[in-house]
Amino acid sequence: LAKTTQPISMDSYEGQEVNITCSHNNIATNDYITWYQQFPSQGPRFIIQGYKTKVTNEVASLFIPADRKSSTLSLPRVSLSDTAVYYCLVTQAAGNKLTFGGGTRVLVKP
Amino acid sequence: IAGITQAPTSQILAAGRRMTLRCTQDMRHNAMYWYRQDLGLGLRLIHYSNTAGTTGKGEVPDGYSVSRANTDDFPLTLASAVPSQTSVYFCASSHTGGPTDTQYFGPGTRLTVL
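Since the structure is predicted, the reported quantities are computational estimates derived from the model, not experimental observations.

It is worth spelling out the overall build of chain A at this point. Along chain A, the regular secondary structure elements total zero helices and 10 strands. Start at the N end of chain A and walk to the C end: the helices and strands fall as β-β-β-β-β-β-β-β-β-β. Here the C-alpha radius of gyration of chain A, 13 Å, is about what a compact globule of 110 residues would show, namely 13 Å. The principal-axis extents of the C-alpha atoms in chain A amount to approximately 45 × 30 × 20 Å. Just so you have it, chain A exposes about 5,400 Å², and 52% of that area is on carbon and sulfur atoms.

What follows concerns the interface of chain A and chain B. Between chain A and chain B, the residue contacts involve 20 residues of the former and 19 residues of the latter. Where chain A meets chain B, there are zero salt bridges. Where chain A meets chain B, there are three residue pairs in polar contact (both at pLDDT 80 or more). Mapped by element, the contributors of at least two residues to the side of chain A that touches chain B are β3 (32-38), β4 (45-50) and β8 (84-91) of chain A. Tallying contributions element by element places β3 of chain A first for the side of chain A that touches chain B, with three residues. Grouping the constituent residues of the side of chain A that touches chain B by class yields eight nonpolar, 11 polar and one charged.

Okay, the packing of aromatic side chains next. If you walk through the whole model with that rule in mind, you get six aromatic pairs over all chains. Taking the centre distance of 6.0 Å and the plane angle of 85 degrees together, the rings of Tyr-36 of chain A and Phe-46 of chain A count as edge-to-face. Of this pair, Tyr-36 of chain A sits in strand β3 while Phe-46 of chain A sits in strand β4, and the two are 10 residues apart along the sequence. Given the relative accessible area of 0%, Tyr-36 of chain A is considered buried. Clustering of aromatic rings is evident, with ring pairs tying together Tyr-36 and Phe-46 of chain A together with Tyr-33, Tyr-35 and Phe-105 of chain B. A cation over an aromatic ring shows up here: Arg-68 of chain A above the ring of Tyr-51 of chain A, its NZ or CZ 4.0 Å from the ring centre. For the cation-ring pair, Arg-68 of chain B lies above Phe-74 of chain B, with the distance from its terminal atom to the ring centre recorded as 6.0 Å.

Looking now at the sheet that holds strand β5 (residues 53-56) of chain A. Residues and elements named next belong to chain A. Within the open sheet, the four strands sit side by side as β2-β7-β6-β5. Their pairing is antiparallel. Of all the strands in the sheet, the pair left with one neighbour each is β2 (18-23) and β5. Neighbour-to-neighbour, the strand axes of this sheet turn through a mean angle of 15 degrees, independent of strand direction.

Parameters and conventions
- Residues numbered from 1 in each chain as written.
- Chains lettered and ligands numbered in written order.
- Predicted model: local features only at pLDDT ≥ 70, side-chain atom pairs only at ≥ 80, totals over all residues.
- Heavy atoms only, no water.
- Helix = DSSP H or I, 4+ residues; strand = E, 2+ residues; numbered from the N terminus.
- Rg over C-alpha atoms; globule rule 2.2 N^0.38 Å.
- Areas by Shrake-Rupley, 256 points an atom, 1.4 Å probe, with all protein chains shown as cover.
- Contact = heavy atoms within 4.5 Å.
- Salt bridge = Lys/Arg side-chain N within 4 Å of Asp/Glu carboxyl O.
- Polar contact = N/O pair within 3.5 Å; in protein donor to acceptor, adjacent residues only side chain to side chain.
- Nonpolar A, V, L, I, M, F, W, Y, C, P; charged D, E, K, R; others polar.
- Phe/Tyr/Trp six-rings, centres within 6.5 Å; stacked < 30°, edge-to-face > 60°.
- Buried < 20%, exposed > 50% of the residue type's maximum accessible area, 1.4 Å probe, protein only.
- Lys NZ or Arg CZ within 6 Å of the ring centre and 35° of its normal.
- Pairing = 2+ DSSP bridges.
- Axes fitted to C-alpha atoms, helices over the stretch in contact; angles between N-to-C directions.

In structure tokens, the structure reads:
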């Protein structure tokens, strides 16, 4: 299983860009990287997924370097409603052995 | 469209009692999952099922059992609850169980074992 490591928490202010880096040193060739967002008392919600280079959607961008041993979730111009826990997930092509990181608690301040 | 529903929302249970957490999805997803979430540990996979009639063990399966009699339902059973099983339990589903699948999570069940 590819173990992931993320910062425990980070603070930001409204309108700023937030970047969260996840380490996954033993990621396998066919693994994908997925990020989820979780609000209090709710289940996680999918944000973005990638395999290599850069992926962008309407919510976030995901940067993955060539060695794929880490990935960075970028949230542009955050608002108070982006306060949540963000999880980095490595998913294996061979099955359902899913590994969630410990999560990064992002607090967006006014 | 309900998505995934879980029941009960919360439960307090005496140690040694049997408990079944229910999970139902209406998206016709093949794969379903059970996770537990504990403070500081993120989500850990308990059991999963890639299709009706099959199940597999996740990271922390001990003390739990599952069944998948049909596509929609994936109950999680604690045969004899212990205090260390106090946690928030999330059920999830995805289309095929492949690595690019998006997992859709239920609202969770908060279980306290005394």
